[in-house]
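# Inside the fold
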Amino acid sequence: MSTPKTKTIRTDALARVEGEGAMYVRIAGREVEEVKLNIYEPPRFFEAFLRGRGFTEVPDITARICGICPVAYQMSSVTAMEMACGIEVDGQLRALRRLLYCGEWIESHALHVFMLHAPDFLGYPSAIELARDAPDVVASALEMKKIGNELMTVVGGREVHPINVKVGGWYRAPRKGELAPLVPKLERAREIALEAVRITSGFDFPDYEQDYELVALDHPGEYPIDRGRVVSNRGLDIPVTEYDDHFVEEHVEWSNALHSRIIERGSYLCGPLARFALAADRLSPIARDAAREAGLEPSERNPFKSIVVRSVELVYAADEALRIIAEYEEPDAPAVEVEPRAGVGYGCTEAPRGILYHRYEIDAEGSILDAKIVPPTSQNQRTIEEDLRGVVERSLDMPDEELTIRCEQTIRNYDPCISCATHFLTLDVERR
Amino acid sequence: MARKPTLAVWKFASCDGCQLSLLDCEDEILSLAGEVDIAYFLEATRATAEGPYDLSLVEGSVTTHHDMERIREVRKASKALVTIGACATAGGVQALKNFADVDEYISAVYATPDYISTLDSSTPISAHVPVDFELNGCPINKRQLLEVITAFLHGRRPEIPTSSVCMECKRRGTVCVMVAHGTPCLGPVTHAGCGALCPSYNRGCYGCFGPMETPNIAALTNQLGELGMGEKAVDRVFRTFNVRPFEEARTR
């Protein structure tokens, strides 16, 4: 009996992802034997060195987990600390948090859609080469990204690691006059985003679907960003305080990122596809119309179409920012007073790439006793590996080089943030 | 036609924020790509070219045996090597583990400690190879980054001020938060570069850019104490993003 021919497809250092990762696929004949997403980004031990730090330090320290989505870390951490201290931030102070978050969604999604993911669909190694053939498209994308950054700079002080977020609210609330110049810019960003929906919905999408369990936040009347219960399309519906009863993280040998799963069920997907599936009816009318024109339905399960959903969310984020600015009234005080007390607090918000969970235990003086942080990429890691297997099984006759690119494109569907997940990736396809 | 200079961007242990600062130069990135060959920049492109590179920008600190080897190879392949940000320049926030029992840290975060390979300390790039210029900041300031790239491509020293954040407050006309409001502030000892952001948001500086040249830490520590900061809080604020250089400045 002859041994089937084995081949390996590998990418030792994945490009156009945030952080360091590799992938490895081993194929024997027509069978995919093994698929690994290897996250070799060195561990940085945030949860360990947060112990002993002050409760007010979490937004500044946890922001440094990720330069792409620092606001997500700041929002989940302050929400958790406020719960531990028995207070809640609402009204305009909370509206400003959602506004800052819109800035991060615009900046991060614009970066991912055009600089990181679109080159895969159009056959370019990067947006820089794409810019030679389609200068207007790349210039508009950069313009939109810049507007997201400007919004973050006005509200948060700077685009990477904002300085204005504090437990209890803000160091200084922006004046109406500071927000007003953003209005024509955000209207322009919304126009560019609408064009992005038209462009991305015209891409060729690989024929692939999976029956995912989709997980997102849920709050009445709101598209999920900064608060809500944790819900899924298979009946999960829990307050954030019960997260640890339903989700576990596992440590696998090939990854410095922990793998999450839903207890007794398995892998799940969070991020744009999940949010759209579970809350499309809560998008603003302009974003909803854009999704309809693009042919997107909440029943969409092709992960490659996440690029279209991200574009729809770009429309929404610009539109939502405009709404918040239009309704903004300067608050009497930039923050509510927070006194530490012994306790536990939980926070979960929607980072651009999916839900980000934080839990802290603090003592009566506000020193952190224990910290747990579960980033979206950890949560999506098992699903990414399952998608890789499924995509390779359907593409066995593809030449290796093309297959490698297809695998990378599959991983990029998730906008994986490897820096986050270790607190990501090399493709390695082996055929036998 | 003369060959365009080559630029490479390398990542070690970090949050990606400093290399993102290059992509955040939305108005300049395409013209920069016209002036230099971006030979290695994995966050932006899957196309890579072999060295040597005229200018290497290095983000992140060294925390693994593999990275100790890798930084030597980057140095060998680079005519000029510039570190960008607090991780590459000072070891970063992950240098907090230098004070701790790393085996205990690993078991606090990971269920199977045997799978994890890491050094006991997080060290700056300069602890391993010669560095031609160090750009401070957590994160770096993108205007300063463009100045550094421009300077190296033209063969001159970058014009990066070495004064304190106080100078930047005075220049932008921000009222001193420490004098006027009694807010503890690291501005008097912190390297300029952010543009004195925090005081303009009614907040004290928390030292993202590390110590300035010859800081008077003792005087500031007294003042922080008088404003009601306890010893533990003072230790914490100096031991955040630029742990090692602030510790050195405090013991001088």
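## A short note on the sheet that holds strand β7 (residues 229-232) of chain A
Residue and element names in this part refer to chain A. An order of β8-β7-β6-β11 is seen for the four strands of this open sheet, with the pairing classed as mixed. In this open sheet, the two strands that pair with only one neighbour each are β8 (237-238) and β11 (269-270). Contacting β6 (214-218), β7 and β11, helix α10 (residues 272-279) runs over the sheet at an angle of about 65° to β6.

## Quick notes on the pairing of β7(A)
Residue and element names in this part refer to chain A. In the sheet, β6 pairs with β7 via four bridges, with the strands oriented antiparallel. Following the sheet pairing, Ala216 is matched in β7 by Val231. Direction of pairing for β7 relative to β8: antiparallel, over a ladder of two bridges. Within β8, the position partnered with Val230 by the bridge is Ile238. Between β7 and β8, which pair antiparallel one after the other, the connecting turn spans four residues, and Gly235 there sits at a positive phi close to 95°.

## Some points on the nonpolar core
The biggest cluster of nonpolar side chains holds 187 residues, and the ones touching the most others in it are Ile106(A), Ala193(A), Leu214(A), Ala216(A), Val312(A), Val315(A) and Ala318(A). The greatest single-element share of this core, amounting to 14 residues, is contributed by helix α4 (residues 91-122) of chain A. When residues are assigned to domains, this core turns out to be shared by domain 1 (6-153) and domain 2 (165-251) of chain B, each giving three or more. The next biggest cluster of nonpolar side chains, apart from the first, holds 18 residues, and it includes Ala22(A), Tyr24(A), Ile384(A) and Tyr414(A).

## A closer look at the packing of helix α8 (residues 182-201) of chain A against helix α12 (residues 306-326) of chain A
Residues and elements named next belong to chain A. Following both chains from N to C, one finds α8 and α12 inclined at 165°, their axes separated by 8 Å at the closest point. Between α8 and α12, the crossing angle belongs to the class labelled roughly antiparallel. Crossing of α8 over α12 shows left-handed handedness. Counted together, Leu182, Val183, Leu186, Glu187, Ala189, Arg190, Ala193, Leu194, Ala196, Val197, Thr200 and Ser201 of α8 and Ile307, Val308, Ser311, Val312, Leu314, Val315, Ala318, Asp319, Ala321, Leu322 and Ile325 of α12 form the full contact between these two elements.

## So, the interface of chain B and chain A
Between chain B and chain A, the contact holds 50 residues from the first and 47 residues from the second. Elements supplying a minimum of two residues to the side of chain B that touches chain A: α1 (17-23), α2 (29-35), α5 (102-109), α9 (197-200) and α11 (231-238) of chain B. Considering every element that reaches the side of chain B that touches chain A, the biggest residue donor is α1(B), with five residues. Residue composition of the side of chain B that touches chain A, by class: 29 nonpolar, eleven polar and ten charged.

Reading the values: rules and limits
- Residues numbered from 1 in each chain as written.
- Chains lettered and ligands numbered in written order.
- Predicted model: local features only at pLDDT ≥ 70, side-chain atom pairs only at ≥ 80, totals over all residues.
- Pairing = 2+ DSSP bridges.
- Helix = DSSP H or I, 4+ residues; strand = E, 2+ residues; numbered from the N terminus.
- Contact = placed C-beta atoms within 7 Å.
- Axes fitted to C-alpha atoms, helices over the stretch in contact; angles between N-to-C directions.
- Core = buried A, V, L, I, M, F, W, Y, C linked by C-beta atoms within 7 Å.
- Buried ≥ 20, exposed ≤ 12 C-beta atoms within 10 Å, placed from the backbone.
- Domains from an automatic or database assignment.
- Parallel < 35°, antiparallel > 145°, perpendicular 65-115°, else oblique.
- Left-handed = near helix turned anticlockwise from the far one by under 90°.
- Nonpolar A, V, L, I, M, F, W, Y, C, P; charged D, E, K, R; others polar.

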